[in-house]
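Descriptive analysis of the structure
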Amino acid sequence: MRPKKFRSLKQFASSVVWVVVSVAGVMLAAGGTARAQVKLLNVSYDPTRELYVDVNKAFAQKWQRQTGQSVTINQSHGGSGKQARSVIDGLQADVVTLALAYDIDAIAEKSGRLPKDWQKRLPENSTPYTSTVVFVVRKGNPRGIKDWDDLVKPGTVVVAPNPKTSGGARWVYLAAWGQALQKSGGDAAKARDYVTRFYKNVPVLDSGARGATTTFAQRGVGQVLVSWENEAALLVGELGRDKFEIVNPGTSILAEPPVALVDRNVDKHGTRAVADAYLHFLYTPEAQAIAARHHYRPRDAKIGAPFPKIKLFTIEEVFGGWQKAQAAHFADGALFDQIYQPGT
Amino acid sequence: MALFARPLLYKIGRVSSFMAGLACCPTLAVAQEVAPVTDGAPPVPTPTVVPPPADSASSRALAQRLDELDQRARITERKLELAQEAAAQTPAGASVSADEKGFGISSADKSFELKLHALLQADARRLFYSDDAVLRDKVDTFLLRRVRPIIDATVLGLVDLRITPDFGNNTTALYDAYADAHPTAWLRLRAGKFKPPVGLERLQTDNYVPFIERSLDSNLSAQRDVGLELWGDIANAAVHYELAVLNGNADGTITDIDDEHAKSYAGRLFLRPFQLGDLRALGDLGFGVAVSTGNEKGSSALASGLATNTWLPTFKSPAQNTIYTFTASTTDPTQTVFASHRHTRINPQLYYYNGPVGLLAEWVHEYQEVGKGATGGAVNNQAGHVTLSWVFGGDNGFDGPRPRKPANWAAKELGAIELAARYSWLDLDDLGFTGSAFADPSKSVSAAEDWGVALNWWLNRDVKISGTWDQTSFTGGAGTTTAVANRPTEKAGFARFQVAF
């Protein structure tokens, strides 16, 4: 009954190699069958929930048609900075679609999970859609708010999220600063004065854009909400045009939420091909149309979505890019910490 | 779909009362509109100020004042709400935990952690053969097989520490004492005393081995060794590796110190291909090879009538009777066998777990050079085993069965039952009994075969009641040197009560 004894170590070792190679072959064959299904994790920021539900559905159908492989894309949403921290700490994102390039830079620098030049790998600096910052007021616009100057009038209660924790809030802050800077002909002191008065009228700093929307729409705080254009459109569409109105300022910022492949994670999961195709899909007319439906401004001009004309400046033009903006305005002890004095 | 979810702690009563009071004012009306709520929460009032009559300046001022007060109230409520949310999300300070994995304290960020575990195995053992009264009586006993308080600690989130003494078997011994630095999952450095790479069943934690005693092939690996080991998991633990420099302990031993300068090298490569992607649905398959090799030099010198350290093992049956010893003399060192130079082990290993089913199999080939007086030689020993197990009411795994529901009499839950069957064998080199006579064939067996079954009742992950039956037959090991007979077949029934957390 006992297995045959090997006469030498050499004979035994060669038998082991034969068995291991055979088992590995069987495993590879089994693995080929199981590769018919694949999962991706898209780690994104707060307001993109609804957008990516539709994008994921469209991409899964297209991928199935093209490759025969079934793909399931799981979504994770939260404040952009917090999401970046989670990926740095090990959240197994295949792709990140965050509010700020700065947050993806942080992932690259602190975790090395993707290269530092990640933004050069996809068209349009890896930003397949854009947005901007607009105002939402209550129906009838009782305060007569039309542009940025109306937000710093005494007694006006403004709702905006916290730039220290929210990616959307940083776009709001930079929009406020940038328009004041342009209006004053580049006078930084006047821009600082404007932003100081702006945040004096912000009594509550929510940690994210979705929280600020709740504060304004459901808690009844404030006369004006300053938010993402897509979030404003969603709010008005969801809770009723008979209760809220969107006010488009004359000037605002071109917000460019970026997307990126998390190289180390896709290589670990064996999902590089499908994850890369997923991000490229965002630039297709089909995905661009979905973005437009969700009130994100598509990069593809042929989509022809009806977005209001607002004079938009970029972060590069006014602030010299995210790294400089972060250091000057949002780092600990930087300008925002110096000027923020909650009012009311 | 709730796009704008309501925080839990919202309190609107104060504002609602305020607004209701405004509605009663004869000269001023502040109407409340109810925002549509999509998540099933009660409606929330949002303010719409109805302008007062144009001819009343004082009414306008009053309306503005009331509007301001309303905003102040709402802002205060919201700030309170956000503060409470933030407080709920803020990690507390050091925390104390007590669960099925042990008792512990840890810092808020888990960078510093202390865990206390324990393993107690209380056995009742009996041999069921009658033609060797000495052995029978020796085994027929209650026994504290393992009594181990286990201390685990984490420092700076970077270094883990484990210390495991054992007070079982009427001895006191140190089993594990090592520090594990883990800058990344794929590169870890372990230093101290730990289980060396050879022996898959040996690497399985004691409390999760389906049988009360390990199989015959565990005779061909060291229980613990001391040294350094680089190890890690790559690609989501689909690839596991170990590379170690060790003292090079003899089979079955846990010696803490080396008595010669040569060291042993050991490695293990273990692949778990189903850890990748969706392959997990196919179960947990692991296969690989462990190898150790090195120079091990024992001595036959006598001290107080005994060889100081031959660096050679004795082999035991599943009933823990000694079935093989190398020749040793209490008077003549030239008649004592000792380890001489090369000692190599190759150990292919395999497991597969899927749902209730489990399979664990391995084979060990050992090459051991020995000396006796001026002569020398080498022995090739082999052993292996196959264990099949099935868990009813739980999931099977290398890290033990997981009952779906713990035993609960009131709820008529019984926990999980594990059934296991095992075949193992040990085949020792005949060269040991001829020529230089490294072992006495009338006292040491040349082969052993064991069949065993086990029934384990897992009340929960921590408590197990076990019963095993092993029947081991032998070749040689009895009679006289000139008329060797087979050692009587062992029929061992063991029972165990185990608590491990």
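This is a predicted model, so every value here is computed, not measured. (Residues numbered from 1 in each chain as written. Chains lettered and ligands numbered in written order. Predicted model: local features only at pLDDT ≥ 70, side-chain atom pairs only at ≥ 80, totals over all residues. Heavy atoms only, no water.)

Examining helix α9 (residues 229-239) of chain A
All names here are of chain A. Of all 11 residues in α9, nine are buried, a share of seventy percent or more. Residues of α9 that are buried make contact with α2 (49-67), β5 (133-138), α8 (209-217), β8 (224-228), β9 (244-247) and β12 (297-298). G240 occupies a position one or two residues after α9 and carries a positive phi of about 115°. (Buried < 20%, exposed > 50% of the residue type's maximum accessible area, 1.4 Å probe, protein only. Helix = DSSP H or I, 4+ residues; strand = E, 2+ residues; numbered from the N terminus. Contact = heavy atoms within 4.5 Å.)

Comments concerning the sheet that holds strand β11 (residues 259-261) of chain A
Residue and element names in this part refer to chain A. Here four strands make up an open sheet; going across it, the order is β2-β1-β3-β11 and the pairing mixed. Every interior strand has two partners, whereas the edge strands, β2 (70-78) and β11, have only one. Going across the sheet, the axis of each strand differs from the next one's by a mean of 20°, ignoring polarity. Note that strand β3 (residues 95-97) and β11 share three bridges and pair antiparallel. Each bridged residue has a counterpart across the sheet, and for T97 the counterpart in β11 is V259. Strand contacts of α2: β1 (37-45), β2, β3 and β11, with the helix running at about 165° to β2, the strand carrying the most contacts. Along the sheet, helix α11 (residues 272-281) contacts β1, β2, β3 and β11; its crossing angle with β11, the most-contacted strand, is approximately 165°. (Pairing = 2+ DSSP bridges. Axes fitted to C-alpha atoms, helices over the stretch in contact; angles between N-to-C directions.)

Regarding the sheet that holds β8 of chain A
Residues and elements named next belong to chain A. With mixed pairing, five strands are arranged side by side in an open sheet as β7-β6-β8-β5-β9. Of all the strands in the sheet, the pair left with one neighbour each is β7 (205-206) and β9. α8 rests against β5, β6 (158-161), β7, β8 and β9 of the sheet, and its axis sits at about 160° to β6. Here α9 sits on the sheet in contact with β5, β8 and β9, set at roughly 120° to β8.

What to know about the nonpolar core
With 88 residues, the main nonpolar core has V96, W148, L151, Y173 and F198 of chain A as its most contacted residues. Setting aside residues no more than four positions away along its own chain, V96 of chain A makes contact with N42, V43, V87, I104, I107, P258, V259, A260 and V262 of chain A. Core analysis: the second largest hydrophobic core is formed by 22 residues, A339, A383, F433 and F438 of chain B among them. (Core = buried A, V, L, I, M, F, W, Y, C linked by side-chain atoms within 4.5 Å.)

Side note on the confidence of the model for chain A
Residue-level pLDDT values for chain A average 88, and 91% of them are 70 or greater. Of all the helices and strands in chain A, helix α1 (residues 9-34) of chain A carries the lowest mean pLDDT, 63, while β3 of chain A carries the highest, 97. (pLDDT = per-residue confidence, 0-100.)

Digging into the environment of D450 of chain B
Along the chain, the position of D450 of chain B falls in strand β24 (residues 445-458). At 2.8 Å, the side chain of D450 of chain B forms a polar contact with the side chain of T472 of chain B. (Polar contact = N/O pair within 3.5 Å; in protein donor to acceptor, adjacent residues only side chain to side chain.)

Some thoughts on the side chain of H240 of chain B
Residues and elements named next belong to chain B. With respect to the helices, strands and loops of the structure, H240 is situated in strand β11 (residues 239-246). A polar contact is formed between the side chain of H240 and the side chain of D233, at a distance of 2.8 Å. Once residues within four sequence positions are removed from consideration, H240 is found in contact with W231, G232, D233, R268, L269 and F270.

Let's talk about the pattern of salt bridges
By the definition in use, this model includes 46 salt bridges over all chains. Between R210 of chain A and E50 of chain A there is a salt bridge, and its shortest N-O distance comes to 3.7 Å. With R210 of chain A in helix α8 and E50 of chain A in helix α2, this pair connects stretches of sequence that are 160 residues apart. When sorted by exposure, R210 of chain A lands in the same class as E50 of chain A, which is buried. A salt bridge links D193 of chain A to R197 of chain A; its shortest N-O distance comes to 3.2 Å. Here the residue D193 of chain A and the residue R197 of chain A both occupy positions in helix α7 (residues 188-200), the gap between them amounting to four residues, near one helical turn. On the basis of relative accessible area, D193 of chain A is assigned to the partly exposed category, the value being 39%. Given a relative accessible area of 37%, R197 of chain A falls into the partly exposed group. Salt bridges sharing common partners tie together D123, R125, R145, E213 and R496 of chain B. (Salt bridge = Lys/Arg side-chain N within 4 Å of Asp/Glu carboxyl O.)

Focus on the packing of aromatic side chains
Evaluation of the coordinates by the stated rule reveals 31 aromatic pairs over all chains. Relative to W322 of chain A, the ring of W171 of chain A has its centre 5.1 Å away and its plane inclined at 85°; by these criteria the two rings are edge-to-face. Here the residue W171 of chain A occupies a position in helix α6 (residues 167-183), and W322 of chain A occupies one in helix α14 (residues 322-330), the gap between them amounting to 151 residues. This pair shows no difference in class: W171 of chain A is buried, exactly as W322 of chain A is. Members of the aromatic cluster, connected to one another through ring pairs, are F135, W148, Y173, W177, Y194, F198, Y199, F330, F336 and Y340 of chain A. Taking NZ or CZ as reference, R190 of chain B lies 4.2 Å from the ring centre of Y178 of chain B, over its face. (Phe/Tyr/Trp six-rings, centres within 6.5 Å; stacked < 30°, edge-to-face > 60°. Lys NZ or Arg CZ within 6 Å of the ring centre and 35° of its normal.)

Regarding the environment of E362 of chain B
All names here are of chain B. Topologically, E362 is positioned in strand β19 (residues 357-372). Put simply, E362 and P348 are 14 residues apart on the chain and 5.8 Å apart in space, counted from C-alpha to C-alpha. Apart from the residues within four sequence positions on either side, E362 is in contact with G199, L200, E201, D217, N347, P348, Q349, A383, G384 and H385. A polar contact is formed between the side chain of E362 and the backbone nitrogen of E201, at a distance of 2.9 Å. One polar contact links E362 to N347, side chain to side chain, over a distance of 3.1 Å.

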